[in-house]
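# Architecture and fold: a report
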Amino acid sequence: MTATDPAIEVSGLTKSYGDHTVLDGVDLTVPGGAVYALLGPNGAGKTTVVNILATLLTPDDGEIRVAGFDVRRQPAEVRAAIGVTGQFSAIDELLTGAENLRLMADLAHLERARATTAVTVMLARFDLVDVADRRARTYSGGEKRRLDLAMTLLARPRLIFLDEPTAGLDPRSRRDLWAIVREQVSDGVTVLLTTQYLEEADQLADRIGVLDNGRLVAEGTAAELKRRVPGGHVSVQFHATVGLAAAAAAHPAATTDAEALTLQVPSDGSIAGLRRVLDGLDDDGVAGLTVSSADLDDVFLALTGRAAKVPAAEVPAAQAPAAERIPA
Amino acid sequence: MSASYTARDSATMLRRNLLHIRRYPSLSIILVAQPIVFLLVFVYVFGGTLGAGLPGQDGGAGRGDYLVFITPGILFMTVASVALGTAISTATDMTTGIIARFRAMNIARVSVLTGHVLGAVIRTGFAVVVVTAFAFLLGFRSDAGPLRWLGAIGLLILIAFSLTWLTVGLGLAADSVETASNTPLFLMILPFVSSAFVPTDAMPAGLRQFAQHQPFTPMIDTLRALVTGAPTGSELWFSIGWCVAIALLGYLWSRRLFLRVPAK
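Now for a description of the structure that goes with this document. (Residues numbered from 1 in each chain as written. Chains lettered and ligands numbered in written order. Predicted model: local features only at pLDDT ≥ 70, side-chain atom pairs only at ≥ 80, totals over all residues.)

### As for the pairing of strand β13 (residues 262-266) of chain A
Residues and elements named next belong to chain A.
- Along β13, four of the five residues are buried, which leaves the element largely enclosed by surrounding structure.
- Where strand β11 (residues 233-238) and β13 come together, five bridges link them in antiparallel fashion. Looking at the pairing, His 233 lines up with Pro 266 of β13.
- Sheet topology places strand β12 (residues 255-257) next to β13; three bridges connect them, and they run antiparallel. Within the sheet, the bridge partner assigned to Thr 256 lies in β13 and is Leu 263.
- Linking two consecutive strands that pair antiparallel, namely β12 and β13, is a turn of four residues; a positive phi of about 55° is found at Leu 261 within it. (Buried ≥ 20, exposed ≤ 12 C-beta atoms within 10 Å, placed from the backbone. Helix = DSSP H or I, 4+ residues; strand = E, 2+ residues; numbered from the N terminus. Pairing = 2+ DSSP bridges.)

### Looking at the nonpolar core
- By size, the foremost hydrophobic cluster in this structure holds 81 residues, and its most contacted members are Ala37(A), Leu53(A), Val66(A), Ile82(A), Leu101(A) and Ala150(A).
- No other element matches the six residues that helix α3 (residues 97-107) of chain A contributes to this core.
- Filtering out sequence-adjacent residues up to four positions away, Val66(A) remains in contact with Ile8(A), Leu53(A), Val71(A), Val78(A), Ile82(A) and Leu159(A).
- Core analysis: the second largest hydrophobic core is formed by 61 residues, Phe42(B), Val43(B), Ile70(B) and Tyr251(B) among them. (Core = buried A, V, L, I, M, F, W, Y, C linked by C-beta atoms within 7 Å. Contact = placed C-beta atoms within 7 Å.)

### Brief notes about the environment of Thr152(A)
Residues and elements named next belong to chain A.
- The residue Thr 152 is located in helix α5 (residues 141-153) in this model.
- With 145 residues separating them in the primary sequence, Thr 152 and Ala 7 have C-alpha atoms 18 Å apart.
- Those residues in contact with Thr 152 that sit more than four places away from it in its chain are Gly 83, Val 84, Thr 85 and Ile 160.

### As for the interface of chain A and chain B
- Taken residue by residue, the interface counts 24 residues in chain A and 21 residues in chain B.
- For the side of chain A that touches chain B, the elements supplying multiple residues, two or more each, are α2 (75-81), β6 (82-85) and α3 of chain A.
- The biggest single contributor to the side of chain A that touches chain B is α3(A), with four residues.
- Residue classes in the side of chain A that touches chain B are distributed as 15 nonpolar, five polar and four charged. (Nonpolar A, V, L, I, M, F, W, Y, C, P; charged D, E, K, R; others polar.)

Structure, rendered in structure tokens:
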């Protein structure tokens, strides 16, 4: 595989469990050395795509080549080229961090001296030296994730799959992990990652594919996708119905939530746009103001015409029902 | 995947399982305690009466003779007990995320299972040594020479190997760790319907036929002949035959269960 050959080529990928269609004809191409993000809510099929590409699941149909090899006919060659870090930590909790890495070095068939070096290098690089001889069971979430990734990267795969790599991590661990991914990319490694966060895809990926109900509904750079999204919105909360009604009349594209006394005005995030909203408002009538930039919800809305199936708890009450917010 | 990689990966996985065994000693202790409790109960609670009923005793010595009679059966129970533990540890291992990592790696995949089996055989070795020492402590004596003891050890390893391949399969087939701790219980029950605790001649007709022809009886009879210095006869070949058959079936079954692409 040279840098110019596609690292991943998928066409017509389908997978169902009984009557339930998980992937409904997915096509995607990832050039060597690129970072591709699969963006989508829970249940969109992201993990299924990763598992099929990583030879952990057999597809029902489709042409799938990873690192130049057919996943069904040459699974061993595919496995030799890839590294996978899934959503659930793939570490041995009864072993120490150093022992976990040693296990990977041995399974990569490194000779003794090289294995020892590789373990030392990875411990240092992933900031695990202090906890190297502690059982992985006692690690924090961030340490577990770093060890997990170190195990994936020890054998220096040319292509890595990261399935929701930052799920459940605190903001600092998340940024650490992004730095590690960028480092890999600068070494020429191809990355396919899945995420629920537009920001993460935006930060890391060259190209983003939006997966919804087993179909790739949009594909492009972060900038291209954002252009297709009407942007964020300005939420204005009023003291009384009178103020709300007046403002609603001035902004026909806005969504009114009478119970919460809130008006949501679509906004491109520009100062001019914000000023237009503010100009019509009466100082005394306004209880609060929030400016939100485009998020996964907005991307989904724009691309699929309905709200992303983000778990209810993650959707601020004022945004529901989201589908009414976008002008036709 | 070349044969040398298969051997190397199996050795790596064995090291992993030995670390697990060392890090989780309570399971080993329970597995060894089980046959020791059986030994104590059978010798001191039932031994006086059962010993008197042994053929050729005429109500004589009793307990000491019974200890000699059941020690080979208890050694078999030790092997079965550790094998049962392997079903639990295999099932537990399958619930951990690292198995998915192994599946996505270019390694001899069956080495994950081989590691469990070889680790279990080593654990059985320790357990057998402890239980044998305990039997000697209680007064077990044997006229068998070193060659016969070597034979007994060899047979115990073979039994451990075959029962473990079976319980690895049971561990893989179980939908939960709880199930995996229940399905292999027959390994602990079947010895009661064999020649382990009483001679099969003392059983009623139907049961006797079953006891005489079930696979564990020739194994226990051969062990008894080896450690007491009696001739082994054809039982030895039956034992080896059963072991090879169980090991082969267990291996093929486990391998199929493990290599099968998960449904979800």
